[in-house]
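Spelled out, the chains give:
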Amino acid sequence: MSDWRKRPTLIESWDESIDSILSIDENGTIDLKGVRKNILKVAEDPAHNDRWFTITGVELSRKNFEEFRDNFNSVKYEHWKDGCFDYKSGNKRVVFHSREIRKKEGPFNPKLINYGTLMTDISAAIEGTSFNIYSSSIDKARHIIKYTNPHPVYNLCMEFILERYCRTLKETGSSGILLLESRGKKEDAEVLKYLVNLLEKGNRYWTCEDFSCIKGIYFNPKWSNTHNKKMSFVLLELADLVSYPIHKFVKFGAEDPAYNIIKKKIQNYPYIHGYGLKTFP
């Protein structure tokens with residue numbers, strides 16, 4: 001675990017010294033140039049596709065991980081032979097990917113499975129798991145209009161989430177690590193550089209000591225190559241399934257069934273705004 005500051009590193013086992021993992025997912029793009037170029041059009045449409053950017057962190061404790069993992073995998077075994085599917089790149093463990101599920105693509109084609117029952121089973125597995133949610137969203141149009149030199153949206157969202165996560169860790173005397181989905185060597189290296197700098201130097205409001213309860217930053221793909229892609233990283237899947245309903249809620253202001261399943265898990269529910277859910281500006 002000692003090399004994680006130097007280069008994007010994968011993690012496949014949970015060290016006994018770590019109390020929780022914050023798995024992270026995002027929706028939307030960090031681009032501001034396109035929004036600035038079409039600012040009038042974007043600003044007039046509250047639900048414009050390129051208006052909102054969201055980062056969501058899902059915190060799961062060590063004591064709840066095994067039960068969650070087993071429940072998630074049992075759903076896969078129930079609906080697919082050996083919990084696997086013949087993707088274009090080969091036979092692999094099914095990954096619960098929000099976009100594919102919504103589009104009913106790949107393993108989630110209703111011609112291959114009982115789609116309604118699957119949705120019920122996934123919802124039950126999520127609802128039955130104890131975890132905390134920290135989410136941050138930026139209205140990029142208002143962000144550009146309000147600030148002459150707007151702060152990078154990724155950094156702004158991430159710092160809010162890490163501040164809230166660390167506050168919880170400090171209150172309980174716990175330690176944690178961050179888990180992100182690997183996007184590519186260059187992108188992962190840029191994100192790692194920013195996060196390590198944040199942990200080591202702090203920001204305007206928090207010192208490096210305030211962030212010291214975070215003991216590692218890791219980047220994992222969807223599947224484990226060690227297990228011939230017959231194992232997936234379920235914490236990343238959970239973050240993916242949780243992030244989109246929150247992004248949709250922030251974007252449209254309506255609570256759909258998926259959001260209703262997770263809303264009580266948002267930090268400081270029911271008083272979530274500014275605590276487990278933050279919107280800028």
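Residues numbered from 1 in each chain as written. Predicted model: local features only at pLDDT ≥ 70, side-chain atom pairs only at ≥ 80, totals over all residues. Heavy atoms only, no water.

Novice: Help me out: how do you make sense of helix 8 (residues 185–201) in this one?
Specialist: Helical periodicity: at 3.6 residues per turn, an α-helix aligns residues three or four positions apart in one direction. Over its 17 residues, helix 8 runs 24 Å from end to end, which matches the ideal 24 Å to within 8%, given 1.5 Å per residue. Those residues of helix 8 that fall on the buried side of the exposure criterion are D188, V191, L192, Y194, L195, V196, L198 and L199. Packing partners of the buried residues in helix 8 comprise helix 7 (153–172), strand 6 (176–181) and strand 7 (214–220). One or two positions beyond helix 8, positive phi appears at G202, with a value near 75°. (Helix = DSSP H or I, 4+ residues; strand = E, 2+ residues; numbered from the N terminus. Expected span 1.5 Å × (residues − 1). Buried < 20%, exposed > 50% of the residue type's maximum accessible area, 1.4 Å probe, protein only. Contact = heavy atoms within 4.5 Å.)

Novice: Just checking my understanding: could you explain the pairing of strand 3 (residues 84–87) for this structure?
Specialist: Where a strand is regular, its side chains alternate between the two sheet faces. The pairing of strand 3 with strand 4 (residues 90–93) spans four bridges and is classified as antiparallel. For C84, the partnering residue across the bridge sits in strand 4 and is R93. Taken together, strand 3 and the strand that follows it, strand 4, pair antiparallel across an intervening segment of two residues. (Pairing = 2+ DSSP bridges.)

Novice: Help me understand the packing of aromatic side chains, please; the structure alone is not making it clear to me.
Specialist: For any two aromatic rings, the description comes down to two numbers: the centre-to-centre distance and the angle of the planes. In the structure shown here, the tally under the stated rule is 14 aromatic pairs. Ring centres 6.4 Å apart and planes at 40° place the aromatic pair F96 and F108 in the tilted group. Taken as a pair, F96 in the loop between strand 4 and helix 4 (98–103) and F108 in the loop between helix 4 and helix 5 (115–127) lie far apart in primary sequence, twelve residues in all. For the pair F96 and F108, one class covers both residues: buried. Three or more aromatic residues link up through ring pairs in this structure, and these residues are F68, F72, W80, F96 and F108. Directly above the ring of Y244 sits R102, whose terminal nitrogen or CZ lies 3.5 Å from the centroid. In this structure, K104 is placed above the aromatic ring of Y115, and the distance from its NZ or CZ to the ring centre is 4.8 Å. (Phe/Tyr/Trp six-rings, centres within 6.5 Å; stacked < 30°, edge-to-face > 60°. Lys NZ or Arg CZ within 6 Å of the ring centre and 35° of its normal.)

Novice: Can you help me understand the sheet that holds strand 7 in this one?
Specialist: Within a sheet, adjacent strands bond to each other through the backbone by hydrogen bonds, running parallel or antiparallel. Judged by pairing direction, the sheet is mixed, and its six strands sit side by side in the order 7-6-1-2-5-8 without closing on themselves. A strand with exactly one partner marks an edge of an open sheet, and here the two such strands are strand 7 and strand 8 (277–280). Direction aside, the axes of adjacent strands within the sheet are offset by 15° on average. Looking at chain direction, strand 2 (residues 52–61) and strand 5 (residues 132–139) are connected through eight bridges and run antiparallel. Paired with T54 across the bridge in strand 5 is S137. Each of strand 6 and strand 7 is contacted by helix 8, which is oriented at about 175° to strand 7, the strand it contacts most. (Axes fitted to C-alpha atoms, helices over the stretch in contact; angles between N-to-C directions.)

Novice: Please explain helix 3 (residues 62–79) as it appears in this structure.
Specialist: Relative to the 26 Å expected for 18 residues at 1.5 Å per residue, helix 3 spans 27 Å between its end C-alpha atoms, a close match to the ideal helical length. Listed as buried for helix 3 are N64, F65, F68, F72, N73, V75, K76 and H79. For helix 3, the buried positions fall inside an angular range of 155° around the axis, keeping them on one side. Opposite the buried face of helix 3, at more than 90 degrees from it, the exposed residues are K63, E66, E67 and E78. (Arc of directions from axis to C-beta.)

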